[in-house]
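What the coordinates show
Below, each chain spelled out in residue letters.
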Amino acid sequence: MDIQKPYPLPTDLAALVEAEWPRFSEAEISRRQTAINGLMTEQNLEYLLVYGFYWNGPGIPWLTHWPTSAEAALIITPRERNKLYVQFHNHVPQAKIGATNCEVDWGGPDTIGTVIQDFQHRGARSGDKIGVIGPLGMSGASRLREAFADLVDLNRDFTHLRLIKSAEEIDWMRIGAWYSDRAMQAVSDNLRPGITERELGDLCQRAWVPLGGETVIHFFGSTPMSDPNCQVPRQLPSARPIEKGDAVFCEISGAFRGYSGQVLRTFSIDDDPTQLYQDLHKTAEAAYEGIFNILRNGTTAEEIVSASSVIEDAGFTTCDDLVHGYGGGYFPPILGSTSRPAGQIPNIELRAGMMLVIQPNVTTQDGKAGVQTGECVLITNSGCESIHDVPRGLRVIG
C-alpha cells in the first residue's frame, strides 16, 4: 500500500496514539461522573445500570475507558464505588488494567443475575426503580423488573449529555479524523481499474490498524458513469472489479478508542466525469458549502434543511441523511433534504462544541446515479471548523 501524503499528527496527539492505554484526564472522567450523578438526581434514582454488549453501549467506555469487548455492566449508586462486571472471564485481566473509575470483577455465569445481587447488596428492594443506560435486552429488563420495580430509560438523557464535546473529546476525534484521512488518501492513491471495493476496504484497514486505529465503516459505491446503477455507498462491498469510466464514492470512518472522524469523497476512474456526474457533484458541493457557511452556535435544524434547497433546485434528490450529529454515536440533529426527509424537522439549535457530519448524497430522481461529499465539522460560537485535511472535490484518477 502506498500513501503519498499521510498527513502529520500534532505532537500532543501523537503521544496519545503511542500510549499503551490512552486515558482521559481525571478531571474529565470526574466531569462525566458528575453529569451522570446529576441525571440520577433529576430522576430521583438511587440505582443505575450502565450496560454494554459486544462493542455496543457507549456509556461503558465513556465512564470507565473499557470498550465492552463482550458484555459489561456498570453499577452506579450514590456514595459507593462504581462496580464493573465484565464478560468473558478471560477479558477480566485486561479490564482490570484498563478500566478506571470503578472496581472490576467477572460477571459470573449470569451477568444480570450478578447485577441483581449487587443492587440488593447495595440496598435495592422490591419497589425500587432502576435507571438504565445502554442496549439492555428484553430478558434482562424483565428480570430487573421482577426483582425490583420499573426501569427508567435514561438513554435519551445520556445522548443529550454527549452532544457537546469537551476539549479532550475533540482532541480524540481529531485523531479519528487523522485515521480517516489516511484511509481516504490510501484509496485515492491506489484506485485503478481492476481493484475491487473489497480491496479498497483492505486499504482502509491497513491505513489505521497498524497505528492503533479501529474500524467503524468503509462503505463504497462503484458504477459505470455511462450506465449507472448505484446512488449511495454500499454497506457490503461488491466483488465487481472497478473499470475505466466508473464513478467511485465512499464514506470512511476510522476511530481512536471509539472517537471517529467521517469523510466522504467521489472519484472518476481513468476518464473525465460525464456531464451528469459533473452536475451531481457541483450540486453536492454547493449544498455542502451552503450548510457549512451557516453552521454556528444557534443555527436551527430548519435553517440547515433550507440551506440544502440547491439540491431540489437542480432537479435532484438525496438517499442518505443530509447531516447528522456525531462523536461517540449517531446523534441529533439527523436531517434529510426537503425531498427526502428523515422525519419531522426537530426543534433544536446547535451549540458550540457539537460535532456534525455534513454529507450531501445528491442523486438522480430515479435512484440510478449519485455522488457524495463531506466530512465531520466542529461547531463554534462564530461558525464551524472541519477536523479533516484530505482535499475535497471530484478527483479524476488516472
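These notes cover the structure that comes with them.

Definitions and limits used
- Residues numbered from 1 in each chain as written.
- Predicted model: local features only at pLDDT ≥ 70, side-chain atom pairs only at ≥ 80, totals over all residues.
- Heavy atoms only, no water.
- Helix = DSSP H or I, 4+ residues; strand = E, 2+ residues; numbered from the N terminus.
- Axes fitted to C-alpha atoms, helices over the stretch in contact; angles between N-to-C directions.
- Parallel < 35°, antiparallel > 145°, perpendicular 65-115°, else oblique.
- Left-handed = near helix turned anticlockwise from the far one by under 90°.
- Contact = heavy atoms within 4.5 Å.
- Nonpolar A, V, L, I, M, F, W, Y, C, P; charged D, E, K, R; others polar.
- Salt bridge = Lys/Arg side-chain N within 4 Å of Asp/Glu carboxyl O.
- Buried < 20%, exposed > 50% of the residue type's maximum accessible area, 1.4 Å probe, protein only.
- Phe/Tyr/Trp six-rings, centres within 6.5 Å; stacked < 30°, edge-to-face > 60°.
- Lys NZ or Arg CZ within 6 Å of the ring centre and 35° of its normal.
- Expected span 1.5 Å × (residues − 1).

As a further point, take unusual backbone geometry. A cis amide bond, omega 0°, links Q87 with the succeeding residue F88. With respect to the secondary-structure elements, F88 resides in the loop between β3 (83–87) and α4 (92–98). Backbone geometry at R79 places phi at a positive 65°, although glycine is not the residue there. Secondary-structure assignment places R79 in the loop between β2 (71–76) and β3. At N101, a position not held by glycine, the phi torsion is positive, near 65°. Along the chain, N101 turns up in the loop between α4 and β4 (103–106).

Contact geometry of helix α8 (residues 167–190) with helix α9 (residues 197–208) gives a least axis separation of 8 Å together with a crossing angle of 135°. With respect to α9, the axis of α8 lies oblique. The handedness of the crossing between α8 and α9 comes out as right-handed. Two secondary-structure elements touch here, α8 through Y179, S180, R182, A183, A186, V187 and N190 and α9 through L200, L203, C204, A207 and W208. By residue class, the composition of the contact of α8 with α9 is nine nonpolar, two polar and one charged.

What follows is about the pattern of salt bridges. Inspection of the entire model under this criterion finds 19 salt bridges. With a closest N to O distance of 3.9 Å, E243 and R240 form a salt bridge. Residue classification places R240 among the partly exposed positions, given a relative accessible area of 26%. Residue R392 is joined to E289 by a salt bridge in which the shortest nitrogen-to-oxygen separation is 2.6 Å. Taken as a pair, R392 in the loop between β18 (384–386) and β19 (395–397) and E289 in helix α10 (residues 275–292) lie far apart in primary sequence, 103 residues in all. We classify E289 as partly exposed; its relative accessible area is 33%. What emerges from the salt-bridge pattern is a single network uniting E28, R31, R32, R162 and E169.

Time to look at the packing of aromatic side chains. The final tally for this structure, using the stated rule, is eleven aromatic pairs. Ring geometry for W172 and Y259: centres 5.9 Å apart, planes at 75°, overall edge-to-face. In this pair, W172 sits in helix α8 while Y259 sits in strand β9 (residues 259–260), placing the two residues 87 residues apart along the sequence. The rings of F24, W172, F256 and Y259 are connected pair by pair, giving a single aromatic cluster. Cation over ring: R182 sits above W178, and NZ or CZ is 5.8 Å from the ring centre. Directly above the ring of W21 sits R257, whose terminal nitrogen or CZ lies 4.9 Å from the centroid.

Before going further, it helps to examine helix α2 (residues 26–42). Side chains that are three or four residues apart share a direction in an α-helix, a result of its 3.6 residues per turn. In this model, α2 (17 residues) spans 24 Å end to end at C-alpha, consistent with the 24 Å of a helix rising 1.5 Å per residue. Just downstream of α2, N44 is the residue with a positive phi angle, here 55°.

Now for the environment of Q120. You can see Q120 is positioned in helix α5 (residues 111–121). For Q120 and V92, which are 28 residues apart along the polypeptide, the C-alpha to C-alpha distance reads 23 Å. Setting aside anything within four residues of it in sequence, one finds Q120 in contact with R125 and F148.

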